[in-house]
Amino acid sequence: MTCTDFLARMTDYFDGEVEPELLAEIQSHLCECHHCEVLVDTTRQTIRVYRDHQVYELTDEIRERTVSRIMSACTGKH
Amino acid sequence: MPVIEQTGTEEVHPDVALVEASRNGDTAAFEKLVRQYDRQIFRTAQHITQNREDAEDITQDVFMKAYNKLDQFQGNSKFSTWLTRIAVNESLMRLRKRKTSRTVSMDQDVQTDEGSIPRDFADWTPDPEQQYGTSELGGILQRTIAGLSPGFRTVFTLRDIENLSTEETAQALGLSVPAVKSRLLRARLQLRERLSRYMKRKDGSAKP
Ligand SMILES: [Zn+2]
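Residues numbered from 1 in each chain as written. Chains lettered and ligands numbered in written order. Predicted model: local features only at pLDDT ≥ 70, side-chain atom pairs only at ≥ 80, totals over all residues. Heavy atoms only, no water.

### Focus: the overall build of chain A
Rule in force here: A run of DSSP states H or I qualifies as a helix once it reaches four residues; a run of E qualifies as a strand once it reaches two. Both are numbered from the N-terminal end. Note that the radius of gyration is over C-alpha atoms, with the globule rule given as 2.2 Å times the number of residues to the power 0.38. Here a residue-residue contact requires only that any non-hydrogen atoms of the pair lie within 4.5 Å. Computed by Shrake-Rupley with a 1.4 Å probe, the accessible areas treat only the displayed protein chains as cover when residues are assessed.
Helix and strand counts for chain A stand at 4 helices and 0 strands. Each helix and strand of chain A, ordered N terminal to C terminal, gives the series α-α-α-α. Its C-alpha atoms give chain A a radius of gyration of 22 Å, more than 25% over the compact-globule value 12 Å for 78 residues. Overall size of chain A, expressed as C-alpha extent along the three principal axes, is 65 × 25 × 15 Å. Counting only contacts in chain A whose residues sit at least 6 apart along the sequence, the fraction spanning at least 24 positions is 57%. Carbon together with sulfur atoms contributes 48% to the accessible area of chain A, which is approximately 4300 Å² in total.

Given below as structure tokens:
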């Protein structure tokens, strides 16, 4: 398996969607290839850091205002 | 949870009952749905538009539109996916309005760099939270994702930040599953490459 082959399967590998045979090939490539090993690690870290730090959140105040505007627009229809 | 009809062995999502009640004029049921998904819709809208005021407006518009179109919700997708689809469309429309000179669509910039091999292979600090304070790290994350094209940051937001499945992401974006997978790969790689300059271990060629 080359690095390009691995890259083409990385998304399925992350999603756990590869057949056992292919998984074994991927795992042996990752053992031999430091680049791809680092690529997997740092891509996982990229996802994790964004998941752990929601950069955009509604403040409670704006949230309440938004919900009440939505609800008054909707109840107005009845 | 209300007991509702089950089709075969598959459990019906609790939202289905709330949607049904909302259709029949139960506004408290609709408010539950609003409070369940308003934050997610807001985050998605802000990630796509990169504008807080737009994201607040879009959040309101999405739920008002959804309320008026409840009859069109068929239940072939989750209610949250259906909402997300409305939010994505509204957000892309806002982006188009703001950037009048540039066309903005899910396809923008995604035809380039097919299968490009990443260049940066340095190890990262295991603990970016310690290297940067929370607010500095937040700023880095915002700037970095803002640098991606709308198509890429949308797919990353839905799949990786909001944790939609690949199928749900495809439904929300009106794309095929293979198209989502290939965009997601490139979005993740671009983001990783851009974050790399901040996250590299301090001992080699450390932070800029
Ligand atoms: Zn490799």
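### Some remarks on the nonpolar core
Defined as follows: Within this scheme, the nonpolar core is defined by two criteria: the residues are buried Ala, Val, Leu, Ile, Met, Phe, Trp, Tyr or Cys, and they are joined through side-chain atoms within 4.5 Å. With a 1.4 Å probe rolled over the protein chains alone, any residue whose accessible area is under 20% of its type maximum counts as buried; one over 50% counts as exposed, and the rest are partly exposed. Domain boundaries shown here were taken from an automatic or database domain assignment.
Counting 77 residues, the largest nonpolar core has Phe6 and Tyr50 of chain A together with Phe30 and Phe79 of chain B as the members making the most contacts within it. Of the residues that make up this core, three or more belong to each of domain 1 (14-98) and domain 2 (105-208) of chain B. In contact with Phe79 of chain B, not counting residues within four places along its chain, are Asp15, Val19, Leu33, Tyr37, Leu70 and Phe73 of chain B.

### Quick word on the environment of Gln190 of chain B
Residues and elements named next belong to chain B. By secondary structure assignment, the location of Gln190 is in helix 9 (residues 177-199). Its relative accessible area of 18% is what places Gln190 among the buried residues. Separated by 134 residues in the primary sequence, Gln190 and Glu56 have C-alpha atoms spaced 28 Å apart.

### Some remarks on helix 4 (residues 79-98) of chain B
Put simply, the rule reads: One fewer than the residue count of a helix, multiplied by 1.5 Å, yields its expected span.
Under the 1.5 Å per step criterion, the end-to-end length of helix 4 of chain B is 29 Å for 20 residues, consistent within 8% with the ideal 28 Å. Counted residue by residue, helix 4 of chain B has 14 buried out of 20 residues, so it is predominantly covered.

### Remarks on the packing of aromatic side chains
Going by this rule: Only centres within 6.5 Å qualify two rings of Phe, Tyr or Trp (six-membered ring in Trp) as a pair; their planes then separate them into stacked at under 30 degrees, edge-to-face at over 60, and tilted for everything else. Two conditions define a charge sitting above a ring: the NZ of Lys or the CZ of Arg must be within 6 Å of the ring centre, and it must be within 35 degrees of the ring normal.
All chains considered together, the criterion is met by 8 aromatic pairs over all chains. Taken together, a centroid distance of 6.1 Å and an interplanar angle of 70 degrees make the contact between Phe6 of chain A and Tyr13 of chain A edge-to-face. Taking the relative accessible area as the measure of exposure, Phe6 of chain A reaches 0% and is therefore buried. The exposure class assigned to Tyr13 of chain A is buried, which follows from its relative accessible area of 16%. An angle of 85 degrees between the planes, with centres 5.5 Å apart, marks the rings of Phe73 of chain B and Phe79 of chain B as edge-to-face. Among the residues examined, Phe73 of chain B registers a relative accessible area of 7% and is labelled buried. Over the ring of Phe14 of chain A we find Arg44 of chain A, and its NZ or CZ is 4.7 Å from the ring centre.

### Here's the deal with the interface of chain A and chain B
Heads up, the rule is: Summed over both partners, buried area is the accessible surface (1.4 Å probe) that two parts give up on being assembled. Just to be clear on terms, a salt bridge is a Lys or Arg side-chain nitrogen sitting within 4 Å of an Asp or Glu carboxyl oxygen. Any N or O atom pair separated by 3.5 Å or less is treated as a polar contact, with the protein-specific requirement of one donor-capable and one acceptor-capable atom, and with residues adjacent in sequence counted only for side-chain atom pairs.
Counting residues at the interface gives 41 residues for chain A, matched by 55 residues for chain B. Interface of chain A and chain B: buried area, both sides summed, is about 4700 Å²; carbon and sulfur atoms make up 61% of it. On inspection of chain A and its partner chain B, the count reaches 8 salt bridges. Here Arg48 of chain A ties to Glu129 of chain B by a salt bridge, and the two come within 3.3 Å at their closest N and O atoms. Counting every contact that joins chain A to chain B gives 19 residue pairs in polar contact (both at pLDDT 80 or more). Elements represented by at least two residues in the side of chain A that touches chain B include exactly helix 1 (3-14), helix 3 (34-52) and helix 4 (60-75) of chain A. Among the elements that make up the side of chain A that touches chain B, the one with the highest residue count is helix 3 of chain A (13 residues).

### Some points on unusual backbone geometry
Apart from glycine, the bulk of residues carry a negative phi angle, and the bulk of peptide bonds sit in the trans form. If you check the backbone angles, Gln50 of chain B has positive phi at about 60 degrees while not being a glycine. The phi dihedral of Asn163 of chain B is positive, around 65 degrees, even though this residue is not glycine.

### Focus: the domain arrangement of chain B
Residues and elements named next belong to chain B. According to the domain assignment, chain B consists of domain 1 (14-98) and domain 2 (105-208). In this assembly, 16 residues from domain 1 lie in contact with 18 residues from domain 2. Between domain 1 and domain 2 lies a buried interface of about 1400 Å² when both sides are counted; carbon and sulfur atoms form 59% of it. The interface formed by domain 1 and domain 2 contains 2 salt bridges. The tally of links between domain 1 and domain 2 comes to 5 residue pairs in polar contact (both at pLDDT 80 or more). Elements with a minimum of two residues in the side of domain 1 that touches domain 2: helix 2 (27-49) and helix 4.

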